[in-house]
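So the chains spell out like this:
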Amino acid sequence: MSTALHDYRRKQIRPVWCSGCGNYGVLRGVEKALVKLQVPAEQTVVVSGIGCSGRFSHYLNTYALHGTHGRALPIATGVKTARPDLTVLVVGGDGDSLGIGGGHLPHAARKNVDLTFLILDNNTYGLTKGQSSPTTPWGCITKTSPYGSPEDSLEVLPILLAYGISYVARTSSLQIEEMAGIITEAMRHPGFAVVHILSPCVTYPVLTWKALRKRLAPLPANHPPADRAAALQLAYSADPIYTGVFYSAEKPILEARLRRLNNSALKRYSSSGKEPTIPSLMERFL
Ligand code: SF4
């Protein structure tokens, strides 16, 4: 029997996000992607961090793990490594993913762990009432910068591309159908897939629906997704802000790398009759 949108929605808990929050659009985009993929809810785990986006894991009828601030990625890496048969989706806000948890991103990229990571970027810390975040633009007035933010905002897409992440895309809460398609593709991608989702906070507005409507544009149709240099050039554009799949290429995933290591250790053990040691394994791989 095929699954429908309502099969992925948790009936006991209703979202408590502010009316008009971009997170509702992301929730709908994820539900649509799960329907497209027909992933069984009981085979899916959603891991989130702290912030308004952290509530995401409560609202889907899947297994859920609401972790600590900035630590969703290492938690999800543990889940996926222990149970590679599960589909693991990770959700974080801009502070969670690029501030306190920013140091985990390059290491998830190096491992190429088979996860889909959604960065819900509203350019502010909404849950704690509108402080400036790593993506708040320079000069922007917030609760913690009443005379304007003195810092530049992070260039998110160029950073993701520079880390060597094997699938990098951008979309927004305005484009639910496009978002559902991109999340579907990201979840199908074998390896670490990151989707940067521009999603306004209406209560502490920095990124607004109006600005998104004015500035978003699809990536040029002839953009080759396996060309990282071409992706980087487009990623630096601030006007228009491009949406679509910037980069996609396959490389060995963590599960395959660990299996290879394990097989090699077992082979060495069975031929020598001795237990493998760390130096003997290093000698083999270096
Ligand atoms: Fe959404 Fe902002 Fe409200 Fe949080 S504070 S639920 S991000 S509108």
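This text goes with the structure placed above it.
The structure reproduced in this document is the subject of the present report. (Residues numbered from 1 in each chain as written. Predicted model: local features only at pLDDT ≥ 70, side-chain atom pairs only at ≥ 80, totals over all residues. Heavy atoms only, no water.)

1. A few points about the overall build of the chain
Along the backbone of the chain there are 10 helices and 10 strands. For 286 residues, the compact-globule estimate of 2.2 N^0.38 gives 19 Å, and the C-alpha radius of gyration of the chain, at 20 Å, lies within 12% of that figure. The principal-axis extent of the C-alpha atoms belonging to the chain is close to 70 × 45 × 40 Å. Expressed as a percentage of its 286 residues, the buried residues of the chain come to 48%. Across the chain, the centroid of the 30 positively charged side chains sits 3 Å from that of the 20 negatively charged ones. (Helix = DSSP H or I, 4+ residues; strand = E, 2+ residues; numbered from the N terminus. Rg over C-alpha atoms; globule rule 2.2 N^0.38 Å. Buried < 20%, exposed > 50% of the residue type's maximum accessible area, 1.4 Å probe, protein only. Lys, Arg positive; Asp, Glu negative; His and termini not counted. Charge placed at Lys NZ, Arg CZ, Asp CG, Glu CD.)

2. Points about helix 6 (residues 176-188)
Over its 13 residues, helix 6 extends 18 Å from the first C-alpha to the last, a length consistent with the 18 Å expected when each residue adds 1.5 Å. Residues of helix 6 that are buried include every one of Met179, Ala180, Ile182, Ile183, Thr184, Ala186 and Met187, and no others. Where the residues of helix 6 are buried, they touch helix 1 (23-37), strand 3 (87-93), strand 4 (116-121), strand 7 (167-172), strand 8 (193-198) and strand 10 (241-248). (Expected span 1.5 Å × (residues − 1). Contact = heavy atoms within 4.5 Å.)

3. Digging into the sheet that holds strand 9 (residues 216-218)
Within the open sheet, the 8 strands sit side by side as 2-1-3-4-8-7-10-9. Their pairing is mixed. On the outer flanks of this sheet lie strand 2 (63-66) and strand 9, each paired with one strand and no other. On average, each strand axis in the sheet is tilted by 20 degrees relative to the strand beside it, whichever way the strands run. Strand direction decides the pairing type here: strand 1 (residues 44-48) and strand 2, joined by 4 bridges, are parallel. (Pairing = 2+ DSSP bridges. Axes fitted to C-alpha atoms, helices over the stretch in contact; angles between N-to-C directions.)

4. Quick word on the site of the ligand
Neighbouring residues of the ligand: Trp17, Cys18, Cys21, Cys52, Asn122, Gly126, Cys201, Val202 and Thr203. Here the residues of the shell around the ligand sort into 6 nonpolar, 3 polar and no charged. (Near = heavy atom within 4 Å. Nonpolar A, V, L, I, M, F, W, Y, C, P; charged D, E, K, R; others polar.)

5. Some details on helix 9 (residues 254-272)
Because the α-helix completes a turn every 3.6 residues, residues three or four places apart line up on one side. Between the first and last C-alpha of helix 9 there are 27 Å, a value that for 19 residues agrees with the 27 Å anticipated at 1.5 Å per step. For helix 9, the complete set of buried residues consists of Leu254, Ser264 and Ala265. Buried residues of helix 9, viewed axially, fall in a sector of 105 degrees; they line one side. Relative to its buried face, helix 9 has exposed residues pointing more than 90 degrees away, namely Arg260, Lys267, Ser270 and Ser271. (Arc of directions from axis to C-beta.)

6. Observations concerning the pairing of strand 1
The buried count for strand 1 comes to 5 of 5 residues, which makes it a mostly enclosed element. Here strand 1 shows no split at all, with Thr44, Val46 and Ser48 on one side and Val45 and Val47 on the other all buried. Sheet analysis places strand 1 next to strand 3, joined by 5 bridges and oriented parallel. Opposite valine 47, over in strand 3, you have valine 90 as the bridge partner.

7. Here's the deal with unusual backbone geometry
Trans is the prevailing form of peptide bonds, just as negative phi is the prevailing case for residues other than glycine. With omega at 10 degrees, the peptide bond leading from aspartate 239 into proline 240 counts as cis. Structurally, proline 240 can be placed in the loop between helix 8 (228-235) and strand 10. You will see that glutamine 38, though not glycine, has its phi angle at about 55 degrees, which is positive. In this fold, glutamine 38 is placed in the loop between helix 1 and strand 1. The partly exposed category is assigned to glutamine 38, whose relative accessible area is 33%. The phi dihedral of lysine 129 is positive, around 80 degrees, even though this residue is not glycine. With respect to the helices and strands, the residue lysine 129 is situated in the loop between strand 5 (124-125) and strand 6 (131-132).

8. Observations regarding the side chain of serine 53
Relative to the helices and strands, serine 53 is located in the loop between strand 1 and strand 2. Discounting chain neighbours no more than four positions away, the residues touching serine 53 are Asn23, Ser48, Val91, Gly92, Gly93 and Leu120.

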